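Reading the structure
Now for the letters of each chain:
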Amino acid sequence: MQFKHKQLDNGLRIIAEVNPGAQSAAVGFFVRTGSRDESAEINGVSHFLEHMLFKGTDTLSALEVNEAFDRLGAKFNAFTSEENTVYYAAVLPEQLEAVTELWAQLMRPTLRKDDFDMEKQVILEEIAMYLDMPEFLVFDRGREMFFKDHPCGQSVLGTVQSITDLTVEQMRDYFGRRYAPDNITVVCCGNVDFDRLCSCVQRHCGHWTAAQADRRHPAHRPAPKKVYDHKSGLFRQHLALYSPAVSIQDDRWYVAKLLSVIVGDSSGSRYFWSLVDPAIADTAMLELASMDQTGAFCSYVCCDPENAAQVEDILSRIFAELARDGIGAAELEAARNKVLSSVALNSEQPMGRLVSLGFNWVYRSEYISVLQDIEHIRSVTVEQVHDLLSQFRLGDYTLYALGPAKQ
Amino acid sequence: MQNLNHYQLANGMTLLGERMDHIQSASFHILTPLGAARLADGCCGAASVLADWLFRGAGDRSSRQLVEALDNLGIHRNTGITPYHLTFNAALEGSNLQAALELYADILLAPKLEAEQFELSRNLAIQELKGLDDDPRGKVMMLLYEQFYPDPFGRPGQGKEAELEALTAGQCADIAAQLFDPSQVIVSAAGKFDFEPVCRAVEGLFDRPAAGAPTSHTPAPAPRRYAHYPNEGAQMHIGLMTEAPPISAGHYYETMAAVSILSGSMSSRLFTEVREKRGLCYAVGARYHTLKDHAGIACYAGTTPDKAQQTLEVIRQQFGQLKDGITDDELQRAKIGLKSSLIMKSESSGARAAGIAGDHFLLGRVRPLEEIRQAIENLTVDAVMDFLRQHPFETFTAVTIGPKEIRV
């Protein structure tokens, strides 16, 4: 396993973790832009733009783009979050250069008006799809409440209103500001010829002009509150909880990761024994959502509506006990073993490695090998977890609950 | 570079293993004959209860000790219910494989099955089933299989509420006792491990005669009508299914090519016609679903109510037009896609363990990856067209959930 990196004159960064023994290779274009970089007026544009990149360039139609990917046997897709838009593909090693070339071309899309109008329909269908997924709804609404005026509270999808009102000119303007080479990192892993890859990227992206895309980092001062909503047609109670956590840049990230597993993993965690094992809730989990200079612990619980009050009491008790008594050494060991095994399993396929490799570079300008990752996980101590618990109080949470309409 | 080993225990249990040297992990699947179609009438959902209850203490370990032991081995575990099997699968570091199998031998052969724990497991199974009411996309596919497959093969693994409510700890414990009919148990493992010591360990751990046999039902035809379930959601969730030959019937590769042309990727026909050209859906797709003697192509689409009728019509049209011709370029793309999925799966111990067990059960033998690759390579437009003329995909079973019934 060998790490290589290079920066083009226009600021575009290229990194690779080369494993000549891998059966496949993966490449991703990581654009540092997402819903937090949007104004309220154009909310949802990052995600909509991600769809539009597949619509082609001056020389490629949408169908030709899809056919080209398929001819390469690429497993490809893209995702948009609050702060990143990532385009990726996994291919056989001999197709890596061709698929990289294709992505590089697509990074300069035409953004045709008729494609924009048609895709708007698809985006509105996607928003409708999530309206039928209460688990997603409570996360979205909970995040909005937790972050309040901070840009991380903005929805990735946007609203029916913001998407309906969005114009193709607004999208072109946003594209021009955000898809600049100094805001993009090309990430590769697996069976990769790095020098060839660099010349391919240089050939296609070397002439792009830098734009110094910035990002606002306003202070986030959460003020915990609770909102209980009802929706007719629902049968279960869905709860989302948010409380502050470390950012991705924070050195305590591994400590926070292990704490999240101790508290809210699907098996053997505090949530599991207090909520799922006694059948008070059928799902209860806590995740660490670390972001650029901010972060959140977020929980999701699904239960019978009549258990809702009990669930909240139990959650408060779990948080109080953690604050008072801390964690046990055996709990930390079990969490450590689970995380270590996830790292090992994910790293077996280039595609599984791509995202963590890319984010480490995008956020921290740092390469962390699988072995270093393992070392970091091994070195976390009970005392560090206790320090973290005193600095980030899980009990000070914002809650959004959605349940059936009252009779 | 195939390295498949097959071992049969004295009691009839099958152990299959494939070594993968380029990875550090190992995965295993244990297929037990307690699938939804093999449970006695009135016990629908017992497999779902057992998938939880069996983990609530086994051997000399309490519920908590057992979960801790599994977690300490870093096991990523899951259970799955198909019409034939209650399957236990696990992925972990290769060196922990034997220790994990010891725990699973206890879970399968010496579960505590305490009555008070049963109530909790049943309660959770009922909650999970009710959870589907808030997940119309998942629910529509469950209802679709029930409409499509001859009974008992469409019975839902999640169970039925009334039957779950009536289920007793005694009934469920009896079913668990049948779990270990060794001649019906398949253990498959893939990844970094040595087969010989695993065979010896499994021989010692699972040396047990049959205790019972799963229920055998005489299949009854499914209704295969259109069924609509009203709800107040934002979208219409449409499930469609049409008959296809099961994998054992010998047209697997032609079927996969047809499904791939229809829905294998973003240049496939459904994506292009339904989403790209008409903007009708965000989610639309079809996949091949095969049991031992029955199979179909299942399709899902989600769309807002006013577009539902047109969505259905475009999808049916795309299925129907397959028999009118496919292009060489389409088949080439389908072949490349199928081959590249195959190679990427060969990097994952979990995917390979599942493939080995599935092949052994459905085909009675495990296809080497090279054989699959060659068969994909050998597909021709003529062969796929012959197949499509015999299987024109014109008759559909349909289920919808949403605010507005459509005409089918």
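Residues numbered from 1 in each chain as written. Chains lettered and ligands numbered in written order. Predicted model: local features only at pLDDT ≥ 70, side-chain atom pairs only at ≥ 80, totals over all residues.

**Brief notes about the overall build of chain B**
On a plain count of helices and strands, chain B comes out with 15 helices and eleven strands. Along the first, second and third principal axes, the C-alpha atoms of chain B reach 60 × 50 × 40 Å. The 408 residues of chain B split such that 53% are buried. (Helix = DSSP H or I, 4+ residues; strand = E, 2+ residues; numbered from the N terminus. Buried ≥ 20, exposed ≤ 12 C-beta atoms within 10 Å, placed from the backbone.)

**Some remarks on the domain arrangement of chain B**
Residue and element names in this part refer to chain B. Taken as a whole, chain B is organised into domain 1 (4-205) and domain 2 (226-402). With 31 residues of domain 1 at the interface, the matching set in domain 2 holds 26 residues. Here the side of domain 1 that touches domain 2 gets nine residues from one element, more than from any other, and that element is helix α5 (residues 136-148). Its residues assigned to classes, the side of domain 1 that touches domain 2 shows 21 nonpolar, seven polar and three charged. (Domains from an automatic or database assignment. Contact = placed C-beta atoms within 7 Å. Nonpolar A, V, L, I, M, F, W, Y, C, P; charged D, E, K, R; others polar.)

**What to know about the sheet that holds strand β11 (residues 398-404) of chain A**
Backbone-to-backbone hydrogen bonds pair the strands of a sheet. The strands run either parallel or antiparallel. All names here are of chain A. Reading across from one edge, β7-β11-β8-β10-β9 is the order of the five strands in this open sheet, with mixed pairing throughout. The open sheet has two edge strands with one neighbour each: β7 (226-231) and β9 (283-291). When strand polarity is set aside, the average angle formed by the axes of neighbouring strands in this sheet is 15 degrees. Alignment of strand β8 (residues 237-244) against strand β10 (residues 294-303), held across eight bridges, turns out to be antiparallel. Bridge assignment links leucine 241 to a residue of β10, and that residue is serine 299. With respect to the sheet, helix α9 (residues 253-264) is in contact with β9 and β10, its orientation differing from that of β9 by roughly 170 degrees. (Pairing = 2+ DSSP bridges. Axes fitted to C-alpha atoms, helices over the stretch in contact; angles between N-to-C directions.)

**Observations regarding the interface of chain B and chain A**
Each partner contributes residues to the interface: chain B has 52 residues there, and chain A has 47 residues. Within the residue set of the side of chain B that touches chain A, elements represented by two or more residues are α2 (63-72), β5 (86-93), α4 (115-131), α10 (269-276), β10 (295-303) and α12 (328-345) of chain B. Along the lines of polarity and charge, the residues of the side of chain B that touches chain A split into 16 nonpolar, 23 polar and 13 charged.

**Focus on the domain arrangement of chain A**
All names here are of chain A. Domain boundaries assigned for chain A yield domain 1 (2-205) and domain 2 (226-404). Centre-to-centre separation of domain 1 and domain 2, based on C-alpha positions: 27 Å. Tallying the contact residues gives 30 residues for domain 1 and 25 residues for domain 2. For the side of domain 1 that touches domain 2, the elements supplying multiple residues, two or more each, are β2 (13-18), β3 (25-31), β5 (85-91), α5 (134-147) and β6 (184-190). Looking at the side of domain 1 that touches domain 2 element by element, the count peaks at ten residues for α5. Split into classes, the residues belonging to the side of domain 1 that touches domain 2 amount to 17 nonpolar, six polar and seven charged.

**Considering the sheet that holds strand β7 (residues 226-230) of chain B**
Residue and element names in this part refer to chain B. Taken together, five strands build an open sheet; the order of strands is β7-β11-β8-β10-β9 and the sheet is mixed. Edge positions in the open sheet fall to β7 and β9 (284-290), since each of these has one partner strand only. Each adjacent strand pair in this sheet contributes to an overall mean axis angle of 15 degrees, direction not counted. Relative to strand β11 (residues 397-402), β7 is paired through five bridges, and the arrangement is parallel. Counterpart to tyrosine 226 in the pairing with β11 is alanine 398. Sheet strands in contact with helix α9 (residues 252-263) are β9 and β10, and its direction is about 170 degrees off that of β9.

**Concerning the packing of helix α3 (residues 96-106) of chain A against helix α8 (residues 194-205) of chain A**
Residue and element names in this part refer to chain A. At a closest axis distance of 10 Å, the pairing of α3 and α8 adopts a crossing angle of 25 degrees. Here α3 lies roughly parallel to α8, going by the angle between them. The handedness of the crossing between α3 and α8 comes out as right-handed. Contact residues: α3 offers Leu96, Glu97, Thr100, Glu101, Ala104 and Gln105, while α8 offers Arg196, Leu197, Cys200, Val201, His204 and Cys205. Class assignment of the residues belonging to the contact of α3 with α8 gives a composition of six nonpolar, three polar and three charged. (Parallel < 35°, antiparallel > 145°, perpendicular 65-115°, else oblique. Left-handed = near helix turned anticlockwise from the far one by under 90°.)

**Notes on the packing of helix α1 (residues 45-53) of chain A against helix α4 (residues 113-131) of chain A**
Residues and elements named next belong to chain A. It is at 10 Å that the axes of α1 and α4 come closest, and there the two elements cross at 120 degrees. With respect to each other, α1 and α4 are oriented oblique. Once α1 is placed against α4, the crossing between them reads as right-handed. Residues Phe48, His51 and Met52 of α1 form the contact with α4, whose own contacting residues are Asp115, Phe116, Glu119, Val122 and Ile123. Residues of the contact of α1 with α4, tallied by class, amount to five nonpolar, one polar and two charged.

**What about the confidence of the model for chain B?**
Per-residue pLDDT for chain B has a mean of 95; in total, 100% of the residues score no lower than 70. In the predicted complex, the global pTM is 0.95; the interface-specific ipTM is 0.94. (pLDDT = per-residue confidence, 0-100.)

**Digging into α8(A)**
Residue and element names in this part refer to chain A. Look at α8: 16 Å from first C-alpha to last across twelve residues, which is about the 16 Å you get at 1.5 Å a residue. Within α8, the full set of buried residues consists of Leu197, Cys200, Val201 and Cys205. Angular distribution of buried residues about the axis of α8 spans 100 degrees; they occupy a single face of the element. Across from the buried face of α8, at angles greater than 90 degrees, the exposed residues are Asp195, Arg196 and Arg203. Residues of α8 that are buried sit in contact with β2, α3 and β6. (Expected span 1.5 Å × (residues − 1). Arc of directions from axis to C-beta.)

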